[in-house]
Amino acid sequence: MYTLDNPKYKEARRRAADLVKKMSLKSKIVQLTMFMVDENTYNPEHVEEDGEMLAGRCGTLLAATGIDRLNKYQKTSLECTPDSIPLISGCDVIHGYATTMPIPLALSCTLEPKIVRDCSAVAGKEATVEGVSWTFAPMVDIARDARWGRVAESFGEDKYVASKMAEASVRGFQEDAGILSCLKHYVAYSACEGGRDYNGCEMSDQTLFNTFLPPFKAGIDAGAATVMSSFNEINGVPCSGSRKMLTDILRGVLGFDGFVVSDYDSVNELQNHGYAKDEKDAVLKGYGAGVDVLMLGNLYNRHLPALVAEGKISEEQIDASVERILAAKYMLGVMDEPFFTSEGKGGWLTEEYREIARNAAKRSFVLLENDGILPLIPSEWAGKKIGLTGPVSNEGDSVLGCWASAKNPAKTVLIKDAMEKAYPDSEIVFTNGVCFKREHSNPEESLEILKDCDVIVACMGEHARESGEATSKTCLDLPRDQIEYLKGLFSLGVPVVLLVSAGRPLIMTDFVNRAAAILYIWDPGTECGNAVCDVLTGDYNPAGKTTISFPHRSGQCPVYYDHKMTGRPTIGIPNRTFESKYIDCPVGPLYPFGYGKSYTTFEYTDAEISSDTMERGGSVTVSCTVTNTGKYAGEEAAQLYVRDVVGSITRPVCELKGYDKFCLEPGESHRVSFTLTEDDLAFWNADMEYVAESGDFICRIAPDSGAEVKKLKFTLE
Ligand code: BGC
C-alpha cells in the first residue's frame, strides 16, 4: 500500500514533494518530531525550561487518544505549526484495543493469517474511534529465547510463520482499518544475549538475512507504512544509529518506501550505548543513519538546524524524510480533513468483535497433554463435581496480556462465570487456592474443599505483568506458590486438568506425567472464559500448534527448532559421551515448534515425492495422506520441513516451508501436497548471494518439527 508501485501512494508522494518545496527548514524538522504531551504542555502558553515551546513543534504525537483531546491539539497545531500541517497520533495498538484479542504469540499458534488479519482489523477500527491514525504493530521479531519477555508480542520463532502473520497484520491494520502499521523492532532486537531486554548481539549477515529479516520483508511487501528502529545493538552498532541497517539494507535491499520512527528515545540512548558523545552527535548518527522521526523529545528541533548549517546532514535527506511523512498524512486523508471524528467508525466491544476475539482465542490454545479426560462433555459430567481453582480462574486483567491498549478488565469473560454457564447440570466447586495477590491465597483450605471433586480444572500462570517489555527472566517456572499448590492438588488423587495462561512457554516438565491434561491458553484476551469453555466442553476441538519451542528447563534457552546440526549431533545413542547434549537434561525441547494435540488422532501415511531430482527452474511435489483415526472431528496443520544437507555455510537441521490446515471427520482422509521450487530452497549463502545451492534435500510432512515420519529425498541439479 505504502509502496511506490501503488499509484495512490505515488500521488501522495507527489503532493508531499510539492509541499516540501514550500517549507522552511524549521518547518520540515517539526515534521520529524514526535511528542508525548498533555493538555497543559500542548498549548501555546506552555514554554519548556530551556525556552522551547512544545505546541506546533511536532508532526506526530505519541499515545494521544480521544477525539476531543486530539481535535484540541489539532487546532493548536494548525495555529502554531509553520505551514499549518496537521498532526497524527500513534499508539501501541498491539492485540486489540477495547476488545482485547489473544497476544500475538497466541494468535500465531492458529497458523491462520486470516485470524491475525481479522484481529488487527478490529484493533485498528476500535482505535480509530479514538482518533488513532497509526499503530506501533506488528512486532515481527523472531522469538527464539523465551527468557526475553517480549516473545509474547511476537509471532513465534519461525520466519515462515512470522512472515505470513506480518503480512496479514499489516493488511488488517492498513487495508481493513485504515491506520498506518509499523514493523518493529528493526532489527534483531529479540536476539539479545541471554534474553536480556535492550541488549545486543553479534550476528552474521547470513543469520540476519536468512532468519531475522524475512518477516520485515514480508511486511514491507504488504505495504507497511512505517518501520521502528530498535533499541539493541548488532556487532557493536546500535540499530538506531546504523546506516547499514536503516538505509543500506532497509531501503536498499528490502525496498522500503515508507518512513522510519525511532523506538522510544532510542536515538538519545546512542549516548548510553557509548556510540555518541553528546545529544548532537546522537542526532547526527541517528538521523544520519535513517531515523526519519524521533519518538520523543526535542533533539531534532534542537540540533538538526546546526547539523544542516555545518553540512553534516544534507537538506535533501530532510526533504526526503518529510516527503515520506507527509505522504502518509495525505494517504490518511488528514491533510485534506484535519479534524478527527468517530462517526462511521463503528463501536467498541461489539458482539461481532467479541465473536472474532472468541474464535481467535479458542483456535490459539495448544493442547500439550491429554490422557483422554478432555473434553469434559457437559452431559457426561451432569450431576458431578467439577473443581475450579487457581489464580487465573476468576481473573479478568492478567488474561488480557501485556500491551493491552484500551483494556477493560471488567468486560473480560471470567473462566468461572463461563464454566457455571457451560455446565448447568454439574456442581462447579470454586476456590482460588492461590491468587496473584498472595495475601488472598488459601491453599490448605482449598485442597480440603476440592478433595471430593470428580475432576479439578486448575488455572495457573504467569501474570501479564511478567511478559512484554523489560520482563526478562532467568527462571521460566510457574510461580513457586502455584507449583506447591499443584503438588497438593495432584496428591488428592483427583484428575487435574491444568490450564496455563502466560506470555511465554513456561516449564511444564514436572506436570507432564501428573496432570491428566495440559491446555496452554497463553493470554487469551476479553473472551477468555468463553473460549476456554468452547474447548473444555468439546464444542471446539483444539488445533493450535505452538510457534515457540517449550524448553524442559530454563537453562536450555535459547531453544528453537531450526538450529544447526553441529559436528556431533545428538542421535540418542545411549551412553554416547561426546555429543552435543546436556548431562542433566535432554538437549531438545519438551514440546517442539509446531506441536499441538487434538481430541482426535491423525495418522500420516503414503508419503511420496514426484521426482528425486529438481531441475533448475523446475519443481518437485511432496505429498502424504493424513487420516483422522480418532473419534472426534478435528483440524490438523500438516507441516512441510526441508533440510538442505550440505551448503556453503552450514544449514539448519530443518526449515518450515509450508503447512496445510484442514478439518477431517472421524475416518476421513486428506491428501496433503506441497510444490517446492528453487525459490523455496534459496538462502543467503557464504558469498551473500541469495541462491539455491545444488545438492541433496531431505523433506518430510509432519504434525510438528520433532515428529519422526518418513523422509523423502531429492537432489537439486
Ligand atoms: C517499545 C515499543 C513501543 C514504544 C512506544 C517502547 O518502549 O519498545 O515497542 O512501541 O515504546 O510505546
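Computed from a prediction, not measured in an experiment: that's the story for all the values here. (Residues numbered from 1 in each chain as written. Predicted model: local features only at pLDDT ≥ 70, side-chain atom pairs only at ≥ 80, totals over all residues. Heavy atoms only, no water.)

1. Concerning the site of the ligand
Around the ligand, the neighbouring residues are Asp92, Phe136, Arg150, Lys184, His185, Met228, Phe231, Asp263, Tyr264, Met295, Trp403 and Glu469. Measuring from an oxygen atom of the ligand, one finds a side-chain N or O atom of aspartate 92 at 2.4 Å. Classifying every residue of the shell around the ligand by side-chain character gives 6 nonpolar, 1 polar and 5 charged. (Near = heavy atom within 4 Å. Polar contact = N/O pair within 3.5 Å; in protein donor to acceptor, adjacent residues only side chain to side chain. Nonpolar A, V, L, I, M, F, W, Y, C, P; charged D, E, K, R; others polar.)

2. Things to note about the layout of surface pockets
As a volume, the largest pocket reaches approximately 1000 Å³. Along the walls of the largest pocket sit 30 residues, with Tyr561, His563, Met565, Thr570 and Val653 positioned nearest its centre. Broken down by secondary-structure element, the contributors of at least two residues to the lining of the largest pocket are strand E20 (634–644) and strand E25 (695–702). Sort the elements by how many residues they give to the lining of the largest pocket and E20 lands first, with 3 residues. By volume, the second largest pocket amounts to about 740 Å³. Taken together, 26 residues make up the lining of the second largest pocket; nearest its centre are Lys159, Ser163, Pro214, Lys217 and Tyr690. Looking at the lining of the second largest pocket, the elements with two or more residues in it are helix H6 (159–176), helix H7 (205–212), helix H8 (214–221), strand E21 (655–664), helix H19 (678–681) and strand E23 (683–684). Residues of the lining of the second largest pocket, tallied by class, amount to 13 nonpolar, 2 polar and 11 charged. Two domains share the lining of the second largest pocket, each providing at least three of its residues, namely domain 1 (7–91 + 132–332) and domain 3 (600–716). (1 Å grid on protein atoms, 1.4 Å probe; cavity = no way out; pocket = protein on both sides within 12 Å on 5 of 7 lines; lining within 4 Å. Points joined across faces, edges and corners; volume = space filled by probe spheres on them. Helix = DSSP H or I, 4+ residues; strand = E, 2+ residues; numbered from the N terminus. Domains from an automatic or database assignment.)

3. A closer look at unusual backbone geometry
Of note, the bond from alanine 137 into proline 138 is cis; its omega dihedral lies within 30 degrees of zero at 5 degrees. With respect to the secondary-structure elements, proline 138 resides in the loop between strand E4 (134–135) and H6. Cis geometry marks the peptide bond from leucine 374 to proline 375; its omega dihedral reads 0 degrees. With respect to the helices and strands, proline 375 occurs in the loop between strand E11 (366–370) and strand E12 (385–389). Despite not being glycine, alanine 188 has its phi angle at roughly 60 degrees, a positive value. Positionally, alanine 188 belongs in the loop between strand E5 (182–186) and H7.

4. Brief notes about the sheet that holds strand E16 (residues 517–520)
Spatially, the 6 strands line up as an open sheet ordered E11-E16-E15-E14-E12-E13, and their pairing is mixed. For this open sheet the edge positions go to E11 and strand E13 (427–430), each flanked by a neighbour on one side alone. The average undirected angle you get between the axes of adjacent strands in this sheet is 20 degrees. Of the strand pairs in this sheet, strand E14 (residues 455–461) and strand E15 (residues 496–501) are connected by 6 bridges, and their pairing is parallel. In the sheet register, valine 457 faces E15, and the bridge partner there is valine 497. In this fold helix H16 (residues 443–450) packs onto E12, E13 and E14, with an angle of close to 165 degrees to the strand it touches most, E12. (Pairing = 2+ DSSP bridges. Axes fitted to C-alpha atoms, helices over the stretch in contact; angles between N-to-C directions. Contact = heavy atoms within 4.5 Å.)

5. Structural notes on the sheet that holds strand E26 (residues 712–716)
Strand order in the open sheet made by the 5 strands is E18-E26-E25-E20-E21, with mixed pairing throughout. With one partner strand each, in any of the chains shown, strand E18 (613–614) and E21 form the two edges of the open sheet. Across 9 bridges, E20 lies against E21 in antiparallel orientation. Across the sheet, the residue bridging to glutamate 635 is cysteine 663, located in E21.

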